[in-house]
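Close look at the chain arrangement
Take a look at the letters that make up each chain.
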Amino acid sequence: MALYGLKIEERFQAIAGDIFNRLGITLEIGTDFREFEAYIREARPDHPIGDPFNPEMHELTPENACWIVGRDAEGTIVHLHALRLLPLNGQSAGEYFRNNFHGFSPPELDIDFERSRFRACPDVQRMKGRVVYSGEVWIGGEPGQFRGTGVISYLMRYAMLTAMNVLSGDYMVGFIARPVAYKGASLRFGYMHVDPLALRWYMRDNPEPLEGVFAYMGEEDMRYIMDIPSAELGSLAA
């Protein structure tokens, strides 16, 4: 597919749209997080919505948050993703997470917050502006239907485009469990920067921590990664 004379975002939308159509995936963007919570219950009944996107805990408006839901050709939910503009109020992202990391804990675990900690690398200590937090990322479907096909790379790039276009984000950031990140999830997601030592969660009565990688990228990174999808993921783009 040759698409000359188009902006990076337009080229990406055309290529990704073609791939989503071939796979039978339809994407919807919304801003009502009670509706999103219902979608989570439908698709992942054993997974409660995380605190950062809980409409009972935060004022989530079209100006500061949105979600993406993907359905297959039968209308079954096969993808979830939520985005939220962080209220930095002049702080750096590092300062914000150091003071508020407890609000991003895994919802299923009993965390000992006194022992847990967030530590920001130099880049994150300097990160200011409109920082969009990415969470609730999930892809379903039957075994082999979507997972392992490379489509998550396009879905994540679509989220980057949404973070920029809908929330005017300067950065997109997120946490990835360290074992998952070390198996290549951060690369498949398209993140160009990671801090592997950022997060340690301690569960009560357990001496071993659960470690999390802080993944992040700026607007220039996001535009760069959207400009190379067909070369990087030729098996899907062919």
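For the structure, check the block above.
Here goes a summary of the coordinates provided. The model shown is predicted, which means the values in this text are computed figures rather than measured ones. Residue positions are given per chain, counting from 1 as you read along its sequence in written order. The predicted nature of this model means local features are confined to residues of pLDDT at least 70 and side-chain atom pairs, given and counted, to a pLDDT of 80 or more, with totals for whole chains, interfaces and linings taken over all residues. Heavy atoms from the whole structure form the basis of all side-chain values; hydrogens and water molecules are not counted.

**Observations concerning the environment of K183**
Spelled out, the test is: Elements are defined by DSSP. Helices are runs of H or I of four residues or more, strands are runs of E of two residues or more, and each kind is numbered from the N terminus. Buried residues are those whose accessible area, probed at 1.4 Å on protein chains only, stays under 20% of the maximum for their type, while exposed residues exceed 50% and partly exposed ones sit between those limits.
Examined against the element boundaries, K183 turns out to sit in the loop between helix 6 (178-182) and helix 7 (185-189). By relative accessible area, K183 is classed as exposed at 70%. Between the C-alpha atoms of K183 and D18, which are 165 residues apart in sequence, the distance is 28 Å.

**Let's talk about the pattern of salt bridges**
Heads up, the rule is: The salt bridge definition used is simple: a Lys or Arg side-chain nitrogen within 4 Å of an Asp or Glu carboxyl oxygen.
Counting across every chain of the model gives 10 salt bridges. Between E56 and R34 there is a salt bridge, with the nearest N and O atoms lying 3.2 Å from each other. A residue pair is termed long-range when its members are at least 10 positions apart, and E56 in the loop between helix 2 (33-43) and strand 2 (65-71) and R34 in helix 2 qualify at 22 residues. Of the residues examined, R34 reaches a relative accessible area of 48% and is grouped as partly exposed. Between D112 and R115 there is a salt bridge; the shortest N-O distance is 3.1 Å.

**Let's talk about the nonpolar core**
Quick reminder of the rule: Nonpolar cores were defined as sets of buried Ala, Val, Leu, Ile, Met, Phe, Trp, Tyr and Cys residues, with membership established by side-chain atoms within 4.5 Å. We call two residues contacting when some pair of their heavy atoms lies within 4.5 Å.
F20, M172 and Y191 are the most contacted members of the largest nonpolar core, which totals 38 residues. No other element matches the 11 residues that helix 5 (residues 151-165) contributes to this core. Ignoring anything within four residues of it in the chain, the contact list for Y191 reads S134, M156, M172, V173, G174, I176, S186, A215, Y216 and M217. Counting 36 residues, the second largest nonpolar core, distinct from the first, contains A120, M127, L199 and F214.

**Some points on the packing of aromatic side chains**
Stated formally: Aromatic pairs are defined between Phe, Tyr and Trp rings, using the six-membered ring for Trp, whenever the two ring centres lie within 6.5 Å; interplanar angles under 30 degrees are classed as stacked, those over 60 as edge-to-face, and all others as tilted.
Under the defined criterion, the tally for this structure stands at 23 aromatic pairs. Ring plane angle 80 degrees and centroid distance 6.1 Å describe the contact between F118 and F175, whose orientation is recorded as edge-to-face. Taken together, the residues F118 in strand 4 (residues 117-118) and F175 in strand 6 (residues 171-177) connect sequence positions 57 residues apart. Comparing F118 with F175, the two get one shared label, buried. Their ring planes at 75 degrees and their centres at 5.8 Å tell us that F118 and F214 sit as a pair that is edge-to-face. In this pair, F118 sits in strand 4 while F214 sits in strand 8 (residues 210-218), placing the two residues 96 residues apart along the sequence. Neither F118 nor F214 differs from the other in exposure class; each is buried.

**Observations concerning the sheet that holds strand 6**
Applicable threshold: Two strands form a pair only when DSSP identifies at least two bridges running between them.
Strand order in the open sheet formed by 8 strands is 1-2-3-5-6-8-7-4, with mixed pairing between adjacent strands. Both edges of this open sheet fall to strand 1 (26-30) and strand 4, since each of them pairs with a single strand only. Across 3 bridges, the pairing between strand 5 (residues 131-139) and strand 6 is parallel. Within strand 6, the position partnered with V131 by the bridge is Y171.

**Some points on the side chain of S116**
Put simply, the rule reads: In the analysis that follows, any N or O atom pair within 3.5 Å is treated as a polar contact, provided that within protein one partner can donate a hydrogen and the other can accept it, and provided that, for residues neighboring in sequence, both atoms belong to side chains.
Considering the arrangement of structural elements, one finds S116 in the loop between helix 3 (93-100) and strand 4. Given a relative accessible area of 6%, S116 falls into the buried group. Among the polar contacts made by the side chain of S116, one reaches the main-chain carbonyl oxygen of D112 at a distance of 2.8 Å. In this view, S116 contacts F101, I111, R200, W201 and Y202; residues no more than four positions away in its chain are not counted.

**Remarks on helix 8 (residues 219-226)**
Which entries qualify depends on this criterion: This arc is built from the directions going out from the helix axis to the C-beta atoms.
Listed as buried for helix 8 are D221, M222, I225 and M226. The arc enclosing the buried residues of helix 8, seen along the axis, measures out at 130 degrees, which places them on a common side.

**With respect to the pairing of strand 6**
With respect to burial, strand 6 is a largely interior element, 5 of its 7 residues being buried. With 7 bridges joining them, strand 6 and strand 8 adopt antiparallel strand pairing. Paired with Y171 across the bridge in strand 8 is G218.

**A closer look at the side chain of D221**
Formally: The sign given to each residue is positive for Lys and Arg and negative for Asp and Glu; His and the chain ends receive no count.
Its place among the elements puts D221 in helix 8. For the buried residue D221, which engages in no salt bridge, the nearest side chain bearing the opposite charge is R223, 11 Å off. At 3.0 Å, the side chain of D221 and the side chain of H193 are in polar contact. Setting aside residues up to four positions removed in sequence, D221 forms contacts with M192 and H193.

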